[in-house]
Amino acid sequence: METPAVATSGLTRRFGQLAAVQDVDLQVAPGQFFGFLGPNGAGKSTTIKMLTGLLAPSAGSIRILGLDLMTHGVEVKRQIGVVPEGMALFGRLTGTEYLNFVGQMYGLDRPTAARRTGELLEFMQLADQRKKLITDYSHGMQKKLALAAAVIHGPRVLFLDEPFEGVDAVASVTLKAMLQSMIARGATIFLTSHVLEIVERLCSHVAIIDHGRLVAQGSLDELRQGVEARAAAAAGDASGTAVTAGERLTLEQIFLRIVGGTAASPAAAELSWLS
Amino acid sequence: MAELEPPPLTAPRWGTQLAAIARVRWQLTVNSVRTTRGALEMVARIWVGFWFAVMGLAGAFGFGVGGWYFLGHGRGEWIAAMLWPLLLFWQVFPLATSAFAEHADSSQFLRYPLGYRAYVVVRVAFGALDAATLVGILCLLGLTAGCAIAAPRLAPLILLLAIAFLVFNLLLAQMIFAWLEHWLARRRTREILSVLFLLLVFGVNFLRPLTRGAAHLTVPAQWAGLVAAQRWLPPGLPAHALAAAAAGQAWTLAAAVVLLAAWVGGVLALLSRRLRADYHGETLSEGVPGAPRREKKQSRAAAAAAPARVWSGLSGPVPAIAQKELRYLARSPMMYFPLVMPVLLLVFFRFGSLNGAPGHHAANLAGFGFPVGAAYALLVLTNLIFNCLGTDAVGAQFYYMAPVRFRQVFLGKNLAYGLLLAGEVVVIYLAACLLDGPPAVWLTAATLVGMVFAALCNFSCGNLLSLSMPKKIDLSRLGRQGSRGVSSLVALAIQGGVAALAGIAVLIAYLLGRLWLLPLFLAVEAVLALVAYRVTLGLTDRLALSSREALIEELSKG
């Protein structure tokens, strides 16, 4: 059996009395483009922080590429790339300096780091901004730089927390192409995003977390079939959640049905003073 | 559904806004003691505040007695002799401690519809929350009381002049910070200031024979012109006004008051120029957005951006972190003045002893400028050493994601600070040689070995404290950053311990009557400090893991 790229068992994180993540068992196969979804406050960021070593789990285990993150932290980190929620950039370095720095931190020699820095800045269309301090970059530019830093060492697993947030359409196309080429070369990508259209277009497999618990996991087709089966069972329900014949559910619809949300909150109608 | 209410279209009143800001500051202060760390912080602040208050009260007593004596004995002009040192302290102390002191950053309120007037008030009020202001206000209160006792009929005027002098100092301190920030944000200005500073240090050496040549002049001849001129400067004006009022010279009094008001207005205007730019969203940065760059400049910048030659051949995390740290510091206005201060201290030290005859106390101390300057250089770096992750801010979480051990991170940072300190010590040595001749060989050796010992002690404790008491530092701002109060107190205690250990070595060498043995004794202490450093470096990995959540949360604060 192939070793999963990411595997968690009973992963739990408590903040005092609150269980932000509870008994999460994830399995991400190598080469998968994996989408990790959930409503606000469901535990996505907490999970990704635990998977990347930024947060200690209260219970459970994490294995990345077969290695235990707790006992082989440095070995694991050498093989992964991360774009965290806050991007973790060093604002008072230039783009070039930052990428050189990150390359060396991941063990690249100086010439290699410098060469890859140049290539990545060109690819990310940041070459003309290479001498600007990162603090002066726009949000989208910082996102692109954070992604460049995450891949400079050629990671086997890439963790991306909202990578497309604030990125313009042109840059978004570039980023997607790069991520897909990484998948084609055998890398694994673990992505969280609120933009479900992007997840649907890019990801082959999806997991959904709600109230800290994993409520669905599988390929898009598997999730769709599950929802349709449940809808069929509730066909006589007056709530109108049944799937009409021939209808192909979008990821957004699947997501809403699984987490129990509706397209629009009735409270929105009450806020008429906003208009 | 409720009836549609008309939107509140009236502009928010600035009094209401100021009250809200004051309230939120108070709430933040109160809420900060909810955690143990916050409570410790509060205790540390109260402790530090208490000692500054004691200092201020002592000053108030002195100023009170001085004011009473001078005004009561018809020597109102002499009050200027107290106001000049007070002005110097008020302005120089915040600059000298800009690497330690902390001020709330008022620019965060710009996101709200805050009027310009309100912003100025907030900025000045936030800037006034420092030790220098506390001491200054207490001294002025003492002076006011002393003068009022001596001449009760002048009490309203004394109060008015004290307030004017207080406002002048508050505005001047803010103006100096604002303009320095503005100038130092530009690389070219920093280069010019560095050259000017070096010229000053060298120039002082040439002033020395000139000053000696002027020693034959009598004191009245030297001072008469200066005393006359200072009457029209802010510290001289209140004294001049009081003397005029006591003598019943109405026109002189009016002129002095008007001129003092003009000084306040002038400083306010200069401050306003910067604050207006700040208010309109100016971001201080080396880059000028949209400005075309010439090819020549680009190639120079490209050379600077490329891995520096000095680091070529050094790969791996430790040199990478050291290089990154030095780059950060080179772009940090807040570091410039603390780094310059030790050399200025030498210059003051030298001037203090210029007219001292052989055997004069100050003249005897002059030979010790090098060790004193070197020790001060280490002291100004303690803010960084004891909070070395603070400058990384949100970037610090990168160290948790990268395949590095924290001992490597700290080694890299310590290496950078060590290089900076070494450079500073070399500059101080050269300055000491220029100003006072080369120090004795044993003293030079003892200072160098002592610095190694002290630096290792500071690194050992600083690394652990950086993990347990981190605080975000904004390196682009002067005087709006700093370590935690607790860290400062611990750092102070450690300096005391280091000084005591070095003192023991000095004492033994002195008792043996062989001061040349001092470097040897200090070397033994340095070896022990190295062992301690290695042990504490080994502890950082575990401590970093156990404190990662609190650390990331603290350093990621907006």
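Bear in mind that the values here come from a model prediction, so they are computed numbers and not experimental data.

**A few points about helix H5 (residues 139–151) of chain A**
All names here are of chain A.
Here is step 1: With 13 residues, H5 extends 19 Å between its outermost C-alpha atoms, agreeing within 8% with the 18 Å of an ideal straight helix rising 1.5 Å per residue.
Here is step 2: Counting buried positions over the 13 residues of H5 gives ten, a clear majority of the element.
Here is step 3: Those residues of H5 that fall on the buried side of the exposure criterion are Met-141, Gln-142, Lys-143, Lys-144, Leu-145, Ala-146, Leu-147, Ala-148, Ala-149 and Ala-150.

**Some points on the confidence of the model for chain B**
Close reading of the predicted structure is inappropriate where its pLDDT is low.
Here is step 1: Looking at chain B, the pLDDT average stands at 79 and 75% of residues meet or exceed 70.
Here is step 2: Confidence metrics for the complex model read pTM 0.71 and ipTM 0.75.

**Let's talk about the environment of A:Asp210**
All names here are of chain A.
Here is step 1: With respect to the helices, strands and loops of the structure, Asp-210 is situated in strand E10 (residues 205–210).
Here is step 2: For Asp-210, a count of 19 C-beta atoms within 10 Å corresponds to the partly exposed category.
Here is step 3: It is 9.0 Å that separates the C-alpha atoms of Asp-210 and Ile-258, two residues lying 48 residues apart in sequence.

**Brief notes about the nonpolar core**
Here is step 1: Residues A:Tyr98, A:Leu145, A:Ile189, A:Phe190, B:Ile428 and B:Phe453 are the most contacted members of the largest nonpolar core, which totals 155 residues.
Here is step 2: It is helix H18 (residues 441–468) of chain B that provides the largest number of residues to this core, a total of 14 residues.
Here is step 3: Sequence-distant contacts of A:Tyr98, that is, excluding residues within four places in its chain, are made with A:Leu89, A:Phe90, A:Leu93, A:Ile134, A:Leu145 and A:Ala149.
Here is step 4: With 54 residues, the next largest nonpolar core counts B:Leu86, B:Leu172, B:Ala241 and B:Ala246 among its residues.

**Overview of helix H6 (residues 169–184) of chain A**
Residues and elements named next belong to chain A.
Here is step 1: Helix length check: H6 (16 residues) gives 22 Å between terminal C-alpha atoms against 22 Å at 1.5 Å per residue, within 8%.
Here is step 2: Regarding H6, the residues found buried are Leu-175, Leu-179 and Met-182. Projected down its long axis, H6 carries its buried residues within an arc of 55°, all on one side. Across from the buried face of H6, at angles greater than 90 degrees, the exposed residues are Ala-169, Val-170, Val-173, Ala-177, Ser-181 and Ala-184.
Here is step 3: Where H6 is buried, its residues touch H5, strand E8 (157–161), strand E9 (188–192) and helix H7 (196–202).
Here is step 4: One or two positions beyond H6, positive phi appears at Gly-186, with a value near 100°.

**Side note on the packing of helix H6 (residues 155–184) of chain B against helix H10 (residues 250–279) of chain B**
Residues and elements named next belong to chain B.
Here is step 1: Put simply, H6 and H10 touch, their axes get as near as 9 Å, and they point 30° apart. The angle between H6 and H10 falls in the class roughly parallel. The two elements H6 and H10 cross, and the hand of that crossing is left-handed. Judged by residue contacts, Ala-164, Val-167, Phe-168, Leu-171, Leu-172, Gln-174, Met-175, Ala-178, Trp-179 and His-182 of H6 engage Leu-260, Ala-261, Trp-263, Val-264, Val-267, Leu-268, Leu-270, Leu-271, Arg-274 and Leu-275 from H10.
Here is step 2: Across the contact of H6 with H10, the residue classes tally to 17 nonpolar, two polar and one charged.

**Looking at the environment of B:Leu226**
Residue and element names in this part refer to chain B.
Here is step 1: Within the element layout of this structure, Leu-226 appears in helix H8 (residues 219–230).
Here is step 2: Note on Leu-226: 9 C-beta atoms within 10 Å, which makes it exposed.
Here is step 3: Sequence-wise, Leu-226 and Gln-323 are 97 residues apart; in three dimensions their C-alpha atoms are separated by 48 Å.

**Remarks on the pairing of strand E1 (residues 6–15) of chain A**
All names here are of chain A.
Here is step 1: In this sheet, strand E3 (residues 27–28) lies alongside E1 in antiparallel orientation, the contact comprising two bridges. Paired with Val-6 across the strands is Val-28, a residue of E3.
Here is step 2: Across four bridges, the pairing between E1 and strand E2 (residues 18–24) is antiparallel. In the strand pairing of E2, Leu-11 is matched with Val-24.
Here is step 3: Remark: two residues form the turn of the hairpin made by E1 and E2, two consecutive strands paired antiparallel; Gly-16 in that turn has positive phi of roughly 65°.

**Brief notes about the domain arrangement of chain A**
Residues and elements named next belong to chain A.
Here is step 1: Each assigned domain of chain A is listed here: domain 1 (30–45 + 65–217) and domain 2 (221–264).
Here is step 2: Contact with domain 1, which involves ten residues of that partner, is made by nine residues of domain 2.
Here is step 3: Of all the secondary-structure elements, those providing two or more residues to the side of domain 1 that touches domain 2 are H7, E10 and strand E11 (213–219).
Here is step 4: When the residues that make up the side of domain 1 that touches domain 2 are grouped by side-chain class, the tally is eight nonpolar, no polar and two charged.

**Things to note about the sheet that holds strand E4 (residues 33–37) of chain A**
Two modes of strand pairing occur in sheets, parallel and antiparallel, and in both the strands are linked by backbone hydrogen bonds.
Residue and element names in this part refer to chain A.
Here is step 1: What the six strands build is an open sheet, ordered E7-E8-E9-E4-E10-E11; its pairing is mixed. The open sheet is flanked by strand E7 (80–83) and E11, the only strands paired with a single partner. For this sheet the average axis-to-axis angle between neighbouring strands, irrespective of direction, equals 15°.
Here is step 2: As paired strands, E4 and E9 are joined by four bridges and run parallel to one another.

Rules used throughout
Per chain, residues are indexed from 1 in the order of the written sequence. Note on labels: chains are lettered from A, ligands numbered from 1, in written order. Totals for whole chains, interfaces and linings use every residue, but because this is a predicted model, local features are given only for residues with pLDDT of at least 70 and side-chain atom pairs only at 80 or more, for both listing and counting. Per the convention used, a helix needs a DSSP run of H or I reaching at least four residues, while a strand needs a run of E reaching at least two, with both numbered from the N terminus. The span one expects for a helix is its residue count, reduced by one, times 1.5 Å. Remark: C-beta atoms are placed from the backbone, and a residue is labelled buried if 20 or more other C-beta atoms sit within 10 Å of its own, exposed if 12 or fewer do, or partly exposed between those counts. The pLDDT value expresses, per residue, how confident the predictor is, ranging between 0 and 100. The term nonpolar core refers to a group of buried residues, namely Ala, Val, Leu, Ile, Met, Phe, Trp, Tyr and Cys, whose C-beta atoms join them within 7 Å. Residues are treated as contacting if the C-beta atoms built from their backbones sit within 7 Å of each other. What the arc covers is the set of directions going from the helix axis to the C-beta atoms. Whenever a helix is involved, its axis is fitted only over the stretch in contact; in every case the axis is a line through C-alpha atoms, and angles between N-to-C directions fall within 0 to 180 degrees. When an angle is under 35 degrees it counts as roughly parallel; over 145 it counts as roughly antiparallel; between 65 and 115 it counts as roughly perpendicular; any other value is oblique. In this scheme the crossing of two helices becomes right-handed for a clockwise turn of the near helix relative to the far one and left-handed for an anticlockwise turn of less than a right angle. Each residue receives one of three labels: charged for Asp, Glu, Lys and Arg, nonpolar for Ala, Val, Leu, Ile, Met, Phe, Trp, Tyr, Cys and Pro, and polar for the others, Gly being one of them. If DSSP finds at least two bridges between two strands, the strands pair. The source of the domain bounds is an automatic or database domain assignment.

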